[in-house]
Amino acid sequence: MSSNARSRMLARAAADIAPGMCVNLGIGLPTQVVAHLPTGAQVCLHSENGISGVGPVRPAGQEDRNLIDAGGSYVSTLPGAAFFDSALSFAIVRSGRLDLTLLGAFEVAANGDLANWIIPGRFSPGPGGAIELAQRARRVGVLTAHVDKAGNPKIVERCTLPLTAAGCVNRIYSDMAVCDVTPDGLVLRELAEGVRAEDVVAATGARLTVPDTELPVF
Amino acid sequence: MSSNARSRMLARAAADIAPGMCVNLGIGLPTQVVAHLPTGAQVCLHSENGISGVGPVRPAGQEDRNLIDAGGSYVSTLPGAAFFDSALSFAIVRSGRLDLTLLGAFEVAANGDLANWIIPGRFSPGPGGAIELAQRARRVGVLTAHVDKAGNPKIVERCTLPLTAAGCVNRIYSDMAVCDVTPDGLVLRELAEGVRAEDVVAATGARLTVPDTELPVF
Amino acid sequence: MSLPDKTCAMAEAIARIPDGASVMLGGFGVPGTPFCLIEALVEHGARDLTIIKNDANEAGIGVDWLLQAGQVRRLITSHIGLNPRAVAMMNDGSLDVEFNAQGILAERIRAAGAGVMGFVTNIGMDTVLAEGKQRVETATGEGMFEPALHADFALVHADCADHFGNLSFAASARNFNPLIATAARCVIAEAERVVPLGGIAPDDVHTPGPFVDHVVELPTLPEVYGVVQR
Amino acid sequence: MSLPDKTCAMAEAIARIPDGASVMLGGFGVPGTPFCLIEALVEHGARDLTIIKNDANEAGIGVDWLLQAGQVRRLITSHIGLNPRAVAMMNDGSLDVEFNAQGILAERIRAAGAGVMGFVTNIGMDTVLAEGKQRVETATGEGMFEPALHADFALVHADCADHFGNLSFAASARNFNPLIATAARCVIAEAERVVPLGGIAPDDVHTPGPFVDHVVELPTLPEVYGVVQR
């Protein structure tokens, strides 16, 4: 993924964060969405280690040793932030108080299944907070390269890896496109600049509906 | 019960509150035990509405409108007190962090069953915190008149009223005696001043073992 | 980035409550009872309510206003001994009362807020409250399933709130307030003081803003919030 | 009346931990990890331990000291990705690792502290973590029984403690600390500052003293508590 394509993907995901939302950004790509929010965006970022009102990462030398986000970054807090224990933090998640979570993926399926925490025999660091975020945020977006480094689709008909949660994903943001999971399967919604619908179809490992209308470009 | 007999009963119960204990005193007679603790007693009083480190009741005019105990008295707090919500308050109770609770009784049985929250058809205000206190404090003491106003025993072979908790009572403090619930049934341990063992046996509605030794007098 | 403003007029917030709604109320006795929100609910007039509150207050205040106005169909509670009207209505069948052990009531509300279906406990197993409850066999013995207790609305009394809905409570006025603030679809908090963002230190927040939907600043505190003269 | 003093020497408190004990540790990454108590546990040398902690820290610190010393038989955790030794020991079978979803781990610990047998949830029902778990049919659907997770000991890192064991935590160093402080038979808290009774305002206490058995004041904070340089 080119840094330009990544940047446009991140900005596109940021555009779906509406004023007033409470949002959890997963480790990796999703965390980088912050940089693409408009100045003064009215949004509450939640971190599962016990923070609401997470602010930007602090520059070196200005860290607070007691204040990290779930990815281990030394973050700041906004005025009006709160700290709480891990049980209350996941109460926020499980009781549906997160309007949106953006997560990474190993595989995401046309039925909304997500696999992002274990590759048997190769990678099993434990689920962390991923299962609860995927299963309970009101809306789940996935940020992912459309194909893996070997060129194989990451968006598939059925996940082959063990699931994080079934049927949880609403929208996929990739370097090529925005796709929605609908009752009728995957639907192409928007195209990255310079990408054609047929490129997306070819790079997708699942049936992808391409609407008859002109698609927005991001 | 004469005020003198009541006072000696309360003082006797107070004497079983050992340094370092965490104690919940039920509404009514038990709350009055506080006045009989030695000055400087090292004890933490818990109130189920969310206080540890309850202090003496405040005099009129010095109340804090936000600070009552579970019985509605405007109490003070000791240095080192803490306030918490009702879930954490009952976490203290149910997880066994109370060394002792002293409760009132309608009936208490020789097997340790306690009935103190409902008289069907006549009195059913709800259980409040009584069930959890009775079931989970490490040690449960009952403070009660030995007989009711009609002269009928309150200490019985089997409770006739609906239970608060089964087999929960360890010791009974009355105006006549201290009795323990043991695997072999009720055992008379101490006598109130001027009361004879045979008086206690006659006033008790359950088999009461009277030891062969001389009994302490309180 | 900045945190959204949730301050709101009291009548506007309360107007959201429809007939038939379930409404949780904070408070253990007077401390923590949202008297002004309850008064607004009486004025609003929603009927056929299920009220969830530790107690029924005393005669002439709080829950009693709702009972008197005939707005309550059902009361889920732990102790109503200080409200003769509640006892009388229970006895004559005009009020459906469900008793819970106090800590079980707290824990069922918290379970809703924690997004779990319920919990298993043997508290009350020897009592009449156990009747009809689902039994669950566990490795540590038999228990009863206590289902999470949700509500449509929670009316919270806070000592202090900021514009985002972070709340702090005073002394024993905390009680059920932080629990109900997690367990309802719509959480309305009245606060004695509303401060700007940052006015409550992040370490001292009792209820984090994400749980709260509307913040209402109280006018000069009516007498009912004061020390009860007996 | 006054509240009991629970201050204690670190070695004396840690010496209570026998071989085969289960030990909960606070911390999410560096913040809130009780490094000095862990170091004392390494010196003490108790073996065959079950460690319960959100994560396994990183190479060369915290839990890694216990793994390196061969003191850990079993680890109950949610994420060990930053500790290659833990991953390697899991893969070669020398460490028994039980993974829980992070919030389920927190909730199971809290359930122990709340004195309930466990709770019912459908979190993780679609995952390999659901294998072997007891199913419970409820009125709101099928869930899994998650048993309360108790321990013999909890080692807590607090920012501030008073002599009675009231604790407060700093920023994201709170995490699992208040939860484990409710869930163990014996709770040992290290604190950066130990203050006299009344030094923590009653409204600002995060863990009330009744849960805590021993309070240990930390010396000058070792570097391991500082900002991680990557």
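For every chain, the first residue of the written sequence is number 1, and numbering continues from 1 onward in sequence order. Chains and ligands are labelled by the order in which they are written, letters from A for the one and numbers from 1 for the other. Reporting of local features is limited, given that this is a predicted model, to residues whose pLDDT is at least 70; pairs of side-chain atoms are given and counted only at 80 or more, and all residues count toward the totals for whole chains, interfaces and linings. Just so you know, side-chain values use all the structure's heavy atoms and leave hydrogens and water out.

Let's talk about the overall build of chain A
Each helix is a run of DSSP H or I of at least 4 residues and each strand a run of E of at least 2, with the numbering of both proceeding from the N terminus. When its secondary structure is counted, chain A shows 4 helices and 13 strands. C-alpha atoms define the radius of gyration, and 2.2 Å times the number of residues to the power 0.38 defines the globule rule. Relative to the 2.2 N^0.38 estimate, which gives 17 Å for 218 residues, the radius of gyration of chain A is 17 Å and therefore close to what a compact globule would have. Only the protein chains shown count as cover for residues, with accessible areas throughout obtained via the Shrake-Rupley method and a probe of 1.4 Å. Taken as a whole, chain A presents about 8,300 Å² of accessible surface, with 50% of it coming from carbon and sulfur. A distance of 3 Å separates the average location of the 18 positive side-chain charges in chain A from that of its 21 negative side-chain charges. By the counting scheme adopted, Arg and Lys are positive, Glu and Asp are negative, and His together with the chain ends is not counted. By convention, charge coordinates are those of NZ in Lys, CZ in Arg, CG in Asp, or CD in Glu.

Considerations on the pattern of salt bridges
Whenever Lys or Arg places a side-chain nitrogen within 4 Å of a carboxyl oxygen from Asp or Glu, that contact is recorded as a salt bridge. Within the structure shown, the criterion is met by 44 salt bridges over all chains. Between arginine 196 of chain B and glutamate 198 of chain B there is a salt bridge whose closest N-O contact spans 3.8 Å. Note that glutamate 107 of chain C and arginine 110 of chain D form a salt bridge whose closest N and O atoms lie 2.8 Å from each other. Taken as a pair, glutamate 107 of chain C in helix 5 (residues 102-113) and arginine 110 of chain D in helix 5 (residues 102-113) lie in two separate chains rather than in one. Each of the two residues, glutamate 107 of chain C as well as arginine 110 of chain D, counts as buried. Relative accessibility decides the category of a residue: with a 1.4 Å probe and only protein chains considered, values under 20% of the type maximum give buried, values over 50% give exposed, and everything between is partly exposed.

Things to note about the interface of chain A and chain D
Each partner contributes to the interface: chain A provides 34 residues, whereas chain D provides 41 residues. With both sides pooled, the region where chain A packs onto chain D buries about 3,000 Å², and carbon together with sulfur makes up 60% of that total. Between the two partners, chain A and chain D, sit 2 salt bridges. Across the pair glutamate 107 of chain D and arginine 94 of chain A runs a salt bridge, and its minimum N-O distance is 3.3 Å. Throughout this description, a polar contact denotes any pair of N or O atoms lying within 3.5 Å of each other; where both atoms belong to protein, one of them has to be capable of donating a hydrogen while the other can accept it, and for residues adjacent in sequence the pair is counted only when both atoms sit in side chains. One can count 18 residue pairs in polar contact (both at pLDDT 80 or more) joining chain A with chain D. Contributions of two or more residues to the side of chain A that touches chain D are made by helix 2 (86-94) and helix 3 (130-136) of chain A. Any residue that is not Ala, Val, Leu, Ile, Met, Phe, Trp, Tyr, Cys, Pro, Asp, Glu, Lys or Arg is counted as polar, Gly included; the first ten are nonpolar and the last four charged. In terms of residue class, the side of chain A that touches chain D is made up of 17 nonpolar, 10 polar and 7 charged. Any two residues whose heavy atoms approach within 4.5 Å are treated as being in contact. Buried surface area refers to the total accessible area, computed with a probe of radius 1.4 Å, that the two partners give up upon joining, counted for both partners together.

Topic: the sheet that holds strand 7 (residues 141-147) of chain C
Following DSSP output, two strands are said to pair if at least two bridges run between them. The antiparallel open sheet is built from 6 strands, whose spatial order is 6(C)-7(C)-5(C)-5(D)-7(D)-6(D). Bordering the open sheet on either side are strand 6 (135-138) of chain C together with strand 6 (135-138) of chain D, each of which pairs with just one other strand. For this sheet the average axis-to-axis angle between neighbouring strands, irrespective of direction, equals 35 degrees. Sheet topology note: the strand 6 of chain C/strand 7 of chain C ladder contains 4 bridges and is antiparallel. The residue of strand 7 of chain C that forms the bridge with glutamate 137 of chain C is glutamate 142 of chain C. Fitted lines through C-alpha atoms give the axes, limited to the stretch in contact for helices. The angle between two N-to-C directions lies from 0 to 180 degrees. Sheet contacts for helix 5 of chain C: strand 5 (118-121) and strand 7 of chain C; angle to strand 5 of chain C, the most-contacted strand, approximately 145 degrees. Its contacts with the sheet place helix 5 of chain D against strand 5 (118-121) and strand 7 (141-147) of chain D, and it is angled at close to 145 degrees to strand 5 of chain D.

A closer look at the packing of helix 2 (residues 86-94) of chain B against helix 5 of chain C
Contact geometry of helix 2 of chain B with helix 5 of chain C gives a least axis separation of 9 Å together with a crossing angle of 125 degrees. Judged by the inter-axis angle, helix 2 of chain B sits oblique to helix 5 of chain C. The two elements helix 2 of chain B and helix 5 of chain C cross, and the hand of that crossing is left-handed. Listed contacts from helix 5 of chain C to Ser86, Ala87, Phe90 and Arg94 of chain B of helix 2 of chain B are Gln102, Gly103, Ile104, Ala106, Glu107 and Arg110 of chain C. The residue makeup of the contact of helix 2 of chain B with helix 5 of chain C, split by class, is 4 nonpolar, 3 polar and 3 charged. Should an angle fall under 35 degrees it is called roughly parallel, over 145 degrees roughly antiparallel, and 65 to 115 degrees roughly perpendicular, with every other angle called oblique. Handedness of each helix crossing follows the sense of rotation of the near helix against the far helix: counterclockwise by less than a right angle gives left-handed, clockwise gives right-handed.

Details of the sheet that holds strand 6 (residues 107-109) of chain B
Residue and element names in this part refer to chain B. If you walk across this open sheet you meet the 3 strands as 7-6-9, and the pairing is mixed. In the strand order of this sheet, the two ends are held by strand 7 (114-115) and strand 9 (155-156), each with one partner. As judged from the 2 bridges shared by strand 6 and strand 7, these two strands associate in the antiparallel manner. Residue pairing across strands places glutamate 107 opposite alanine 115, the latter belonging to strand 7.

Concerning the environment of arginine 138 of chain B
All names here are of chain B. By secondary structure assignment, the location of arginine 138 is in the loop between helix 3 (130-136) and strand 8 (140-144). Since its relative accessible area comes to 60%, arginine 138 is described here as exposed. C-alpha separation for the pair arginine 138 and leucine 215, spaced 77 residues apart in sequence, amounts to 26 Å. Other than its neighbours up to four places away in sequence, arginine 138 contacts Gly96, Leu98, Asp99 and Asn170. Separated by 2.6 Å, the side chain of arginine 138 and the backbone oxygen of glycine 96 make a polar contact.

What about the interface of chain C and chain B?
Accessible area lost upon the coming together of the parts is a frequently used measure of interface size. At the interface, 41 residues of chain C touch 34 residues of chain B. Regarding the contact of chain C and chain B, the summed buried area is about 3,000 Å², with carbon and sulfur atoms giving 60% of it. Linking chain C with chain B are 2 salt bridges, by the criterion used here. We note a salt bridge from glutamate 192 of chain C to arginine 65 of chain B, for which the minimum N-O separation is 2.6 Å. Our enumeration of links across chain C and chain B arrives at 18 residue pairs in polar contact (both at pLDDT 80 or more). Within the residue set of the side of chain C that touches chain B, elements represented by two or more residues are helix 5 and helix 6 (177-183) of chain C. At 6 residues, helix 5 of chain C tops the list of elements feeding residues into the side of chain C that touches chain B.

A word on the state of the cysteines
Residues and elements named next belong to chain C. The definition used for a disulfide is geometric: two cysteine sulfur atoms within 2.5 Å. Enumeration according to the criterion identifies 0 disulfides over all chains in this entry. No disulfide involves cysteine 8; its sulfur sits 8.7 Å from the nearest other cysteine sulfur, which is in cysteine 186. By relative accessible area, which is 17% here, cysteine 8 ends up buried.

Observations concerning the nonpolar core
Here is a general trend for soluble globular proteins: nonpolar side chains tend to be buried in one another's company. What makes a nonpolar core is a set of buried Ala, Val, Leu, Ile, Met, Phe, Trp, Tyr and Cys residues whose side-chain atoms join them at distances within 4.5 Å. Membership of the largest hydrophobic core comes to 231 residues, with the highest contact counts inside it found for Ile17 and Ile109 of chain C together with Ile17 and Ile109 of chain D. Apart from the residues within four sequence positions on either side, isoleucine 109 of chain D is in contact with Met24, Ile52, Leu149, Phe176, Leu179, Ile180, Thr182 and Ala183 of chain D. In this structure, Phe84, Leu98 and Val200 of chain A together with Ile200 of chain C belong to the second largest nonpolar core, which totals 73 residues.

Considering the pairing of strand 1 (residues 22-25) of chain D
All names here are of chain D. Burial along strand 1 is two-sided: the face carrying Ser22 and Met24 and the face carrying Val23 and Leu25 are both buried. Two elements, strand 1 and strand 2 (residues 49-52), share 3 bridges in a ladder whose sense is parallel. What sits directly across from valine 23, in strand 2, is isoleucine 51. When the strands point away from the viewer, a crossover counts as right-handed if the path from the first strand over the helix to the second runs clockwise. As for the winding sense of the linkage, the β-α-β connection from strand 1 through helix 2 (residues 35-44) to strand 2 is right-handed. Bridge analysis of strand 1 against strand 8 (residues 151-162) gives 3 bridges, and the strand direction is parallel. Bridge pairing links leucine 25 to leucine 155 in strand 8.

Thoughts on the environment of valine 217 of chain A
All names here are of chain A. Assignment of secondary structure puts valine 217 in the segment after strand 13 (208-209). Given the relative accessible area of 53%, valine 217 is considered exposed. Each C-alpha atom of the pair valine 217 and alanine 177 lies 8.6 Å from the other, and the pair is 40 residues apart in sequence. For valine 217, the contacting residues outside a window of four places in its chain are Leu191, Ala192 and Glu193.

Focus: helix 4 (residues 84-91) of chain D
Residues and elements named next belong to chain D. Among all positions of helix 4, only Ala86, Met89 and Met90 are buried. The arc that holds the buried residues of helix 4, viewed along the axis, is 100 degrees, so those residues lie on one side. Set apart from the buried face of helix 4 by more than 90 degrees, the exposed residues are Pro84 and Asn91. Buried positions along helix 4 lie against helix 3 (63-68) and strand 4 (96-99). Between the side-chain oxygen at the start of helix 4 and the backbone nitrogen of arginine 85 there is a gap of 2.9 Å, and the oxygen is on asparagine 83. Once helix 4 ends, the next one or two residues include glycine 93, with phi positive near 85 degrees. Each direction from the helix axis to a C-beta atom contributes to the arc, which is the arc of those directions.

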